[in-house]
Amino acid sequence: MKKTKQKIIKTFGKLHAVLILLFLYLPIFVVVAFSFNESRRNIVFTGFTFEWYGKMFENTRLIEAFGNTVIVALCSTIISTVIGTIGAIGLHKYKFKGKGIIDTLMYIPVVIPEIILGIALLVIFSAAQMPLGLLTLIIAHVTFSIPFVVFTVKARLNGFDPSVEEAAMDLGANRLRTFFEVTLPIIMPGVISGALLALTLSMDDVIISFFTTGPRSTTLPMQIYSMVRSGVSPDVNALSTLILIGTITIAILTQSGIITTIKNNILGRKQK
Amino acid sequence: MKAKKRFKGLPKIVTLAPVSIWLLLLIAIPLIYILVISFLGRNSNGSIRYSFALENYQKLINAQYLKIYAQSLLIAFFTTIISILLSYPFAYHMAGGSKTKKVIMMLLVIVPFWTNSLIRLYGWKTILGSEGILNGLLMKTHLIQQPLQLLFTMPAVILGMVYTLIPFMILPLYASVEKLDHSLLEAASDLGAKRYHAFLQITLPLTLPGIFAGSIMVFIPALGYFFVSDLLGGGNNMLIGNLIKNQFNISQNWPLGAALSIVLIAVTILLVKLYTKVGGNIDDLGVA
């Protein structure tokens with residue numbers, strides 16, 4: 001009796017999990033399917049074609065927007081990873097006046113609605129008379145990415161034995177050498193997870209980019225946002241499909257990195 | 001020895017200065033500036049007038065705005081409740097799997113993030129539209145004669161919200177179910193406790209922190225995600241986020257937009273305070 005009950009619950013759990021995953025992937029299937037659709041309208045499937053994958057490259061606005069997205073994502077990931085990593089080390093190691101303020105500021109982008117940070121940055125860029133463009137976009141993306149890098153690197157530092165560093169310095173290594181040859185390799189998994197997180201956040205951001213982008217620095221999400229209300233042409237579906245394939249490939253290539261992210265951030269929490 | 005002493009404070013400055021300066025310049029000062037602007041007036045040409053005024057806050061209370069606040073809170077509330085109900089069994093099932101299964105399921109939850117959320121919402125639009133896939137299917141099977149109005153309704157906005165935000169519920173819930181000590185459940189069962197009793201008295205209270213953390217991470221963004229309402233709500237289901245966006249985008253009334261933002265910040269602070277008051281750990285928020 002108890003066994004069958006348990007079995008029913010298990011089967012229900014499995015079914016439910018499959019349905020949730022279906023829910024998560026359904027619109028993605030639709031996007032991919034319609035990238036092969038002959039018709040210009042994303043409504044009925046009229047026939048199979050690869051046409052849009054070629055046409056995509058003629059859509060200069062789309063390609064330009066994609067280029068901007070990549071530039072912003074790469075620049076903001078590199079800058080936020082460098083600042084976030086060394087910042088995490090400092091915050092982990094040193095006590096100082098105002099540490100509480102910095103810690104609080106770090107939580108703001110995490111909990112506050114993105115729209116608030118978006119308009120706050122817009123207002124400050126306008127006060128500083130900075131024209132909106134790629135530069136403001138990169139600064140904005142670095143701002144919301146830094147805390148996530150700091151958190152992941154700090155999580156890694158928590159399990160770090162400082163005596164290793166001391167040993168290296170006792171053996172005559174200077175601070176820089178100790179950092180690059182001892183500290184950095186140990187915290188590397190945390191740095192990679194942080195960087196991947198920053199990259200994902202930057203590529204997917206809609207709201208903060210909406211306020212900090214200029215007319216000539218349209219990113220892909222912004223381009224899609226302007227198209228989506230009237231109707232997206234299938235070349236957008238084609239590009240999205242390619243991006244999805246690209247990111248999954250990168251994920252597989254850096255699989256160890258992703259899996260450590262998961263282990264560190266989610267599975268690791270239970271050890272806390 | 002001398003050199004070492006001279007550089008003693010240097011590593012501290014090198015590591016701490018960039019991050020501190022960045023956060024002060026681009027988070028602290030902009031937010032303070034928003035607060036200042038919310039108390040300023042506006043010239044007839046739309047530019048900010050630098051004189052103290054309370055008019056922005058007075059303008060916040062009118063029938064139309066009150067309706068939007070209520071609507072936005074309602075959407076965020078339903079989004080949170082539905083996300084909890086859908087995510088809990090999922091997280092529970094996931095935590096019971098083998099290590100490989102856990103990693104794979106986690107990846108499957110994260111992968112959709114790699115396609116832009118706008119594109120995925122557009123996928124929903126294709127499914128829900130009056131000539132969309134779902135209506136087509138229902139008409140073909142003669143379950144309905146006329147296409148249903150699915151798009152541009154509040155349920156459609158809630159669906160889009162749940163869809164975009166559900167990973168933020170699944171991950172903290174999973175973390176808390178995973179932490180659960182299963183021997184407690186075995187003990188309860190050995191002592192003759194019924195399954196649902198054990199669930200209500202042991203599992204649920206122990207996973208409550210995960211539910212709280214997930215709720216914060218779903219409810220707060222749901223107040224601001226204007227693009228979900230833009231795409232699936234079609235202008236009839238405005239959120240506080242849309243209201244703020246319009247002040248900066250369409251009406252060019254920055255002081256009023258700033259005042260609305262201050263209200264949203266106050267709501268956020270209130271909710272986070274509530275969260276820590278019920279024992280929530282602020283470290284459980286965010287890093288997904």
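Residues numbered from 1 in each chain as written. Chains lettered and ligands numbered in written order. Predicted model: local features only at pLDDT ≥ 70, side-chain atom pairs only at ≥ 80, totals over all residues.

**Here we look at the overall build of chain B**
This is how it is decided: A helix here means a DSSP run of H or I that spans at least four residues, while a strand means a run of E at least two residues long, and both kinds are numbered starting from the N terminus. Radius of gyration here is computed from C-alpha atoms only, and the compact-globule reference equals 2.2 Å multiplied by the residue count raised to the power 0.38. Partly exposed residues are those falling between the two cut-offs: more than 12 but fewer than 20 other C-beta atoms within 10 Å of their own, whereas 20 or more means buried and 12 or fewer means exposed, with C-beta atoms placed from the backbone.
Check the secondary structure of chain B and you find 13 helices and 2 strands. Its C-alpha atoms give chain B a radius of gyration of 24 Å, clearly above 19 Å, the size a compact globule of 288 residues would have. Overall, chain B is about 80 × 70 × 35 Å in size when its C-alpha atoms are taken along their principal axes. Of all 288 residues assigned to chain B, the portion counted as buried reaches 44%.

**Overview of the pairing of strand 2 (residues 48-52) of chain B**
How we decide: For two strands to be treated as a pair, DSSP must find no fewer than two bridges joining them.
By the criterion of burial, strand 2 of chain B is predominantly exposed, with just 0 of the 5 residues buried. What sits between the antiparallel neighbours strand 1 (residues 40-42) of chain B and strand 2 of chain B is a turn of 5 residues, in which B:G46 has the positive phi angle 100°.

**A few points about the confidence of the model for chain B**
Residues and elements named next belong to chain B. In plain terms, the rule: As a per-residue measure, pLDDT reflects the predictor's confidence and takes values from 0 up to 100.
On average, residues of chain B score 88 in pLDDT, and 96% of them are at 70 or above. Within chain B, no element has a lower average pLDDT than helix 1 (residues 2-6), which sits at 50, and none a higher one than helix 4 (residues 63-95), at 95. For this predicted complex, the interface score ipTM comes out at 0.89, alongside a pTM of 0.89.

**Comments concerning the interface of chain B and chain A**
Put simply, the rule reads: For every residue pair, C-beta atoms are placed from the backbone, and the pair is scored as a contact if these atoms sit within 7 Å. Residues are grouped as follows: Ala, Val, Leu, Ile, Met, Phe, Trp, Tyr, Cys and Pro are nonpolar; Asp, Glu, Lys and Arg are charged; every other residue, Gly included, is polar.
In this assembly, 73 residues from chain B lie in contact with 73 residues from chain A. Examining the composition of the side of chain B that touches chain A, we find that 18 residues originate from one element, helix 2 (residues 10-37) of chain B, more than from any other. Here the residues of the side of chain B that touches chain A sort into 52 nonpolar, 15 polar and 6 charged.

**Observations regarding helix 4 (residues 99-111) of chain A**
Worth spelling out the cut-off: To estimate how far a helix should extend, the number of its residues minus one is multiplied by 1.5 Å. By definition, the arc is the one covered by directions from the helix axis to the C-beta atoms.
The terminal C-alpha atoms of helix 4 of chain A, which comprises 13 residues, lie 19 Å apart, in line with the 18 Å expected from a rise of 1.5 Å per residue. Listed in full, the buried residues belonging to helix 4 of chain A are A:L105, A:M106, A:I108 and A:P109. The arc that holds every buried residue of helix 4 of chain A, seen down its axis, measures 145°, which confines them to one face. At its buried positions, helix 4 of chain A is contacted by helix 5 (114-127) and helix 6 (134-157) of chain A together with helix 2 of chain B.

**Quick look at the packing of helix 5 of chain A against helix 2 of chain B**
Selection criterion: Lines fitted to C-alpha atoms define the axes here, with helix axes fitted over just the stretch in contact, and angles between the N-to-C directions of these axes take values from 0 to 180 degrees. If an angle is under 35 degrees, it is roughly parallel; if it is over 145, roughly antiparallel; if it lies from 65 to 115, roughly perpendicular; otherwise it is oblique.
Where helix 5 of chain A meets helix 2 of chain B, the closest approach of the two axes is 8 Å, and the angle between their N-to-C directions is 85°. Classified by the angle their axes make, helix 5 of chain A and helix 2 of chain B are roughly perpendicular. Counted together, A:I119, A:A120, A:L121, A:V123, A:I124 and A:A127 of helix 5 of chain A and B:L26, B:I29, B:P30, B:L31, B:Y33, B:I34 and B:I37 of helix 2 of chain B form the full contact between these two elements. The residue makeup of the contact of helix 5 of chain A with helix 2 of chain B, split by class, is 13 nonpolar, no polar and no charged.

**Structural notes on helix 12 (residues 240-249) of chain B**
When you tally the buried positions in helix 12 of chain B, you get 8 out of 10 residues, the bulk of the element. The complete set of buried residues in helix 12 of chain B reads B:I240, B:G241, B:N242, B:L243, B:I244, B:K245, B:Q247 and B:F248. Where helix 12 of chain B is buried, its residues meet helix 5 and helix 9 (207-212) of chain A together with helix 4, helix 10 (195-224), helix 11 (226-233) and helix 13 (254-277) of chain B.

**Re the nonpolar core**
Rules: Throughout this description, the term nonpolar core refers to a group of buried Ala, Val, Leu, Ile, Met, Phe, Trp, Tyr and Cys residues whose C-beta atoms join them within 7 Å.
Formed by 145 residues in total, the largest nonpolar core has its most connected members in A:I119 and B:A91. At 17 residues, helix 8 (residues 154-179) of chain B tops the list of elements feeding residues into this core.

**Regarding the packing of helix 3 (residues 60-93) of chain A against helix 10 (residues 220-228) of chain A**
Residue and element names in this part refer to chain A. Where helix 3 meets helix 10, the axes come as close as 7 Å, and the angle between the chain directions of the two elements is 140°. With respect to helix 10, the axis of helix 3 lies oblique. In this structure, helix 3 uses R61, L62, A65, F66 and T69 to contact helix 10, whose residues at the interface are L220, M222 and Q223. Partitioning the contact of helix 3 with helix 10 into residue classes produces 5 nonpolar, 2 polar and 1 charged.

**As for the environment of A:E114**
Looking at where A:E114 falls in the secondary structure, it is placed in helix 5. Each C-alpha atom of the pair A:E114 and A:D205 lies 9.4 Å from the other, and the pair is 91 residues apart in sequence. With residues near it in sequence (within four places) discarded, A:E114 still touches A:I207, A:I208 and B:G224.

**Focus: unusual backbone geometry**
Backbone geometry at A:Q129 places phi at a positive 55°, although glycine is not the residue there. In this structure A:Q129 comes out as exposed when scored by C-beta crowding, with 6 C-beta atoms within 10 Å. Unusually for a residue other than glycine, B:F152 sits at a positive phi of about 60°. Considering the arrangement of structural elements, one finds B:F152 in the loop between helix 7 (133-140) and helix 8. Judged by local crowding, B:F152 falls into the partly exposed class, with 19 C-beta atoms found within 10 Å.

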